[in-house]
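# Summary of structural features
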Amino acid sequence: MILRDKAIRKHSVKEYSDNKILSRFVFVHFVDMKNFRVITFTCALLSLSIKRSEAACGFESCPELDKDKINVHLIAHSHDDVGWLKTVDQYYYGTENQIHRGRVERIFDTVIHELLKNSKRRFVQVEILFFFKWYNDQSEDLKLAVKKLVDNGQLEFAGGGWTMNDEATTHYQSIIDQYNVGLKFLRDTFGSCGRPNIGWQLDSFGHSREMASIFAQMGYSGEFFTRIDFMDKITRNDELSLEMIWQSSESLSNSDIFAAVSQGHYSEPLGFCFDVLCYDDPIIDGNRFDNNVQFKVNTFLNYSTWLSQWVRSNHVMVSMGEDFRFQNAEINFSNMDKLIKYVNARQSKGSRVNLLYSTPACYLKAIHQLEQTWPNKTQDFFPYASNIHDAWTGYYTSRPTQKRFIRDGNHFLQVVKQLSTFANLTGPQHTNDLDILRQTIGLMQHHDAITGTERQAVASDYDRLLTDAIVGAETNARDALRILTNLTTGEFTSCLKLNISVCAFTQESANNLVVTLFNSLAHTSTQYVRVPVKNESYVIADEMGREVTFELVPVPSDVLAIQHRSNITQHELVFKASVQKIANFYVRVLSSPKSSSAKKRILGYQGPSDDNELVIQNSLIKLVFDNSTGKLKTVAMNGVTENIEQTFAIYKGYWGDNQGTVNRSSGSYIFRPDGDIKELSDKIDLTVYNGDRVQEVHQHVNEWISQVIRLYDGVNRVEFEWLVGPIPANDNSSKEIVTRFKSDISSNGVFYTDSNGREMLQRKRNEREDFDPDLTEKVSANYYPVTTRISLKDEKKHMTLLNDRAQGGSSLQDGMLELMIHRRLLSDDWCGVAEALNETQFGKGLVARGKVYLILNNITEKATGTESLNQKELHLPFWKFFSKSNSVATVLPNKLPDFTDLPQSINLLTLEPYSSDEILLRLEHVMNHNESNVLSFNVRTLFDTLAGQEIRETTLDGNLPLDEMKRLKFHHDVDGTDPSKVEYFTSSHKPLTANASMANSDFNVTFYPMQIRTFIIKR
């Protein structure tokens, strides 16, 4: 595992006595046995005490400014991808340098050394994964030196997540979790000085409103980023609106957060990259013939003056870093020292530029002190286009199977965290295995991981890491379930290939099989369960010994034809289960059916050729198919009947030589179709399976596309399970596959997509909130990220699609919704990865399988609330564990907490071990202000059944007491407030603080729509 590995290193530091201040040099020797090298450097640990002095970090450590000059804030930083062209470990240790000369451990080695030389120097660190790996490998003395640098504000953390996450394809649950992992490490290691004040999302490919909301809920005061649409940036330059106040939620109060977009890229100014990866000249001073001080200073002054025209204040921020910079920090800092010295010397000759080492937090504090107002922002920054043909909307779908695997990994993480809490697993091995899964899921949120924009070798490494982490944490789940049930020797195995109806545990036999279902939600859920089995006679019983009705359904023939699938099991047991938290079901194989219910085979038949229509229906939904085409024709549900045709279609991906934007290829990042879309119009073969509980229409579209359309009795949604691949490439063309749902709904160019799985945002075809977009690429310019939901409506009807992984989607015609489900591209788009997105498996194109769910409803405010509840259930369905036993297993109910006092629209977002005697509880109101009202309830019963002794409320991430949260508040251009008054945001409600001795009424809580509240419970 990447986080278990340690570099082979030894440290020797001169001894010093306790409570004795060092005013001398300490020599630190690093010995790297891998490369047989010795580096000796001298660290000036001036005034360093064993007892850490009172901290003056964050906003309190900011340098002095000159209000009469242009204050230029130099931001020394390095953006270090945790995997992209190389794997995370290759980047850290510096191997495979023929691919890229990135070596992150060397960055930390040299940056810390250089910061210790000069107390004015500063450095901003973002990716906590890399820092964690490096820091834990250092000597105690060097750790003490690092803590001193953090305490005095020289080393400042920004963002604070385990990675710099993507913002388009990530789910908010995983984003919050990965910030909790990073921020908890910083808090446990450095205390309050380790906590960031700002978000730092320089390299994400567009920016979501929900990400801004998460930053605000964590108590951050601002967010800095770079990549927005090129037309948007031109407009904001002209309107002086690169810096703004972002209203990050329509439902939450106090959701405003300051947001700043860099004028250019996040790299150094041209000519000022003083790094081993660059070729710019250093600053040469002294009595030398090639002295270039005057040239360098003039150039920088001109740049600073030019930059200042795009902002509203006398403060500008200049990035002095880029990808994997500072591998020799001495070169960088010595040149920046000279630059500051000689630029500021020009003040005596009338220069108005004041140059200083700074941080993003100090920049934010400086402009907060000004009598200044700022423009408003309410939507998001998607889609991102870097030029007229370069819409970065392809990565919304790239590597679809990996996107789904990451979603599954997050699902299992929630399961293991809850089970570990219920069973009180706090031992070192359990804690380590859970931490590795947390960290790996955090890694997968990286903006070159879940996006699918990494090289294939790196993608394979990500898959390896996630598989290992899941397998390691299965021990936690098994040990917990052995405590929580009477099945004390149960295997409790998970099956990771259920999406193709394969489970090694049931492959030979499902006799004496115990299926244990875990419900991650707070409320009892009723779902249908599918178990791969052979075509035999079965009986299923619940924990009370009651026989459970089931149906035996054939696995679709197109799934059986998947090349790498073992076809021992060709059927699935399908049964309905209601689960509060944990439930067990017992399956036996009968030598012969004892009754008609013991083995129910659903017989198949072809749709009659002499009928125009084929109808399947249950008590809630009716579907009508056109027999002449094999396509869905009409949907009736919730009192609404609508003509809905569902089809598959292909975009041909543009293949150019990338010499200029006009020749840009469709690639991992870019979606650029070549010509019109081609809808598949050949007649679709239908096979129908009609049972009492489940009805299925199996559609064979062509040799590499098929689908099952499915209804479950009592389930008010239509399931479309698609299978795509291997996408053929024998015609030497790139292909991008979409599914389309066409209706007669008069949507007038308006549709809605979710923001990271939470609030919905309105989209208008061919329009943006703040600027006129370039529509040269009309299709890709109208694509948006769809993490969980896309919908459209008119005055009477509302159509919604829910998906099972992040995808790109749009409404390119009124009444039509489109999702891209798979891509195979034969050319790179020259956006950096330098490799075509041509995924193969077993010598052929990659096969992907997934689900889309359709809901058709009347126009009511409550209808979308129902979709929100559906979304939670689809995001975290029952997790299945499998064991062998000769009897029915039962759950020990006294081991489980009681969630019954939670209202239906209050969701259990997180329940996990937080420390050896504390747990973290995170609850959320899942509906918005149009769908629900304020909810009040009591959590005393839940607190008691979690064995709570004390409870305290924190910010969203769980690491800052909510009563200590204080965010900088900025003034809108048009809100009428007094900009001369310096204001702050604090908690909008009284934080919950209580203990077991207090009255029940002290545990009353109130939740506003979309509100998330986080609590730490001491046990």
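Now for a look at the structure at hand. (Residues numbered from 1 in each chain as written. Predicted model: local features only at pLDDT ≥ 70, side-chain atom pairs only at ≥ 80, totals over all residues. Heavy atoms only, no water.)

## What to know about the state of the cysteines
A covalent bond between the sulfur atoms of two cysteines is what we call a disulfide. Counting across every chain of the model gives 4 disulfides. The side chain of C62 participates in a disulfide bridge whose partner is C362; the two sulfur atoms lie 2.2 Å from each other. Looking down the S-S bond of the C62 and C362 bridge, the torsion is -95°, so its handedness is left-handed. With C62 in the loop between β3 (37-44) and β4 (70-76) and C362 in helix α10 (residues 360-368), this pair connects stretches of sequence that are 300 residues apart. Here C62 and C362 have matching classes, each one buried. Across the disulfide, C495 is cross-linked to C503 (sulfur-sulfur distance 1.9 Å). You'll find C495 and C503 in the same group, each marked buried. The connectivity of the disulfides in the chain is 1-3, 2-6, 4-5, 7-8, where the numbers refer to bonded cysteines in sequence order. (Disulfide = S-S within 2.5 Å. Helix = DSSP H or I, 4+ residues; strand = E, 2+ residues; numbered from the N terminus. Buried < 20%, exposed > 50% of the residue type's maximum accessible area, 1.4 Å probe, protein only.)

## With respect to helix α4 (residues 140-151)
With 12 residues, α4 should cover 16 Å at 1.5 Å per step; its first-to-last C-alpha distance of 16 Å lies within 8% of that length. Listed in full, the buried residues belonging to α4 are L142, K143, L144, A145, V146, L149, V150 and D151. Count one or two residues on from α4 and you reach G153, which has phi positive near 80°. (Expected span 1.5 Å × (residues − 1).)

## A closer look at the pairing of strand β26 (residues 631-637)
Among the 7 residues of β26, 6 are classified as buried, and the element is accordingly described as predominantly covered. Summarising the sheet, strand β25 (residues 621-626) and β26 pair through 6 bridges and their orientation is antiparallel. Paired with K622 across the two strands is A636, which belongs to β26. Hairpin connection of β26 to strand β27 (residues 640-643): 2 residues between the antiparallel strands, including N638 at a positive phi of 55°. (Pairing = 2+ DSSP bridges.)

## Describing the sheet that holds β26
Pairing is antiparallel in the open sheet, where 4 strands are placed in the order β24-β25-β26-β27. Bordering the open sheet on either side are β24 (613-617) and β27, each of which pairs with just one other strand. In this sheet, adjacent strand axes meet at a mean angle of 20° when their direction is disregarded. Pairing analysis gives 5 bridges linking β24 to β25, with the strands arranged antiparallel. Bridging from a neighbouring strand, V615 pairs with V624 of β25. (Axes fitted to C-alpha atoms, helices over the stretch in contact; angles between N-to-C directions.)

## Digging into the packing of helix α12 (residues 428-444) against helix α13 (residues 456-484)
When two helices pack together, their arrangement is given by the angle between their axes and by how far apart the axes lie. Contact pair α12 / α13: the axes reach a minimum separation of 8 Å and the direction vectors enclose 145°. With respect to the hand of their crossing, α12 and α13 are arranged in left-handed fashion. Across from H430, D433, L434, I436, L437, T440, I441, L443 and M444 in α12, the residues of α13 making contact are Y462, L465, L466, A469, I470, G472, A473, T475, N476 and D479. Grouping the amino acids of the contact of α12 with α13 by side-chain chemistry returns 12 nonpolar, 5 polar and 2 charged. (Left-handed = near helix turned anticlockwise from the far one by under 90°. Contact = heavy atoms within 4.5 Å. Nonpolar A, V, L, I, M, F, W, Y, C, P; charged D, E, K, R; others polar.)

## Quick word on the pattern of salt bridges
Enumeration according to the criterion identifies 61 salt bridges in this entry. Linking E721 and R710 is a salt bridge whose minimum nitrogen-to-oxygen distance equals 2.9 Å. Within this pair, whereas E721 is found in strand β33 (residues 718-724), its partner R710 is found in strand β32 (residues 705-712), the two being separated by 11 residues in sequence. R710 carries the same exposure label as E721, and that label is buried. (Salt bridge = Lys/Arg side-chain N within 4 Å of Asp/Glu carboxyl O.)

## Some words on unusual backbone geometry
Put simply, F382 and P383 share a cis peptide bond, and its omega is -10°. Tracing the chain through its elements places P383 in the loop between β14 (376-377) and β15 (385-387). Cis geometry marks the peptide bond from G725 to P726; its omega dihedral reads -5°. Within the secondary structure layout, P726 lies in the loop between β33 and β34 (734-742). With a phi angle near 45°, F492 is a residue other than glycine that sits in the positive phi range. Turning to its location among the elements, F492 is positioned in the loop between α13 and β17 (513-518).

## Some details on the packing of helix α8 (residues 293-308) against helix α9 (residues 329-345)
At their nearest, the axes of α8 and α9 sit 10 Å apart, and the two run at 75° to each other. Relative to α9, α8 is oriented roughly perpendicular. Contacts from V293, V297, F300 and L301 in α8 reach L339, Y342 and V343 in α9. Along the lines of polarity and charge, the residues of the contact of α8 with α9 split into 7 nonpolar, no polar and no charged. (Parallel < 35°, antiparallel > 145°, perpendicular 65-115°, else oblique.)

## Section: the environment of M760
Mapped onto the elements, M760 comes out in strand β36 (residues 760-764). Contact partners of M760, with chain neighbours within four places excluded, come to R209, Y752, T753, D754, R789 and S791.

## Topic: the sheet that holds strand β20 (residues 550-554)
The 3 strands lie next to each other as β18-β21-β20, forming an open sheet whose pairing is antiparallel. Of all strands in the sheet, those bounded by a partner on one side alone are β18 (525-533) and β20. The sheet shows a mean angle of 30° between the axes of neighbouring strands, taken without regard to direction.

## Topic: the nonpolar core
Of all hydrophobic cores here, the largest spans 207 residues; its most connected members are F131, L155, L419, L623 and F881. If we skip the residues at most four places from it in the chain, F131 touches F108, Q125, V146, L155, F157, F185 and F190. With 24 residues, the next largest nonpolar core counts F505, A510, L573 and A583 among its residues. (Core = buried A, V, L, I, M, F, W, Y, C linked by side-chain atoms within 4.5 Å.)

## Focus on helix α5 (residues 172-190)
For α5, built from 19 residues, the straight-helix expectation of 27 Å at 1.5 Å per residue is met to within 8% by its first-to-last C-alpha distance of 26 Å. Counting buried residues in α5 gives 17 out of 19 residues, a clear majority hidden from the surface. In the stretch just after α5, G191 is the one whose phi turns positive, near 70°.

## What about the side chain of S520?
Inspection of the secondary structure assignment puts S520 in the loop between β17 and β18. Relative accessible area serves as the criterion here: at 1%, S520 is assigned to the buried category. Those residues in contact with S520 that lie beyond four places of it in its chain are H411, V415, Q418, K581, L876 and L908.

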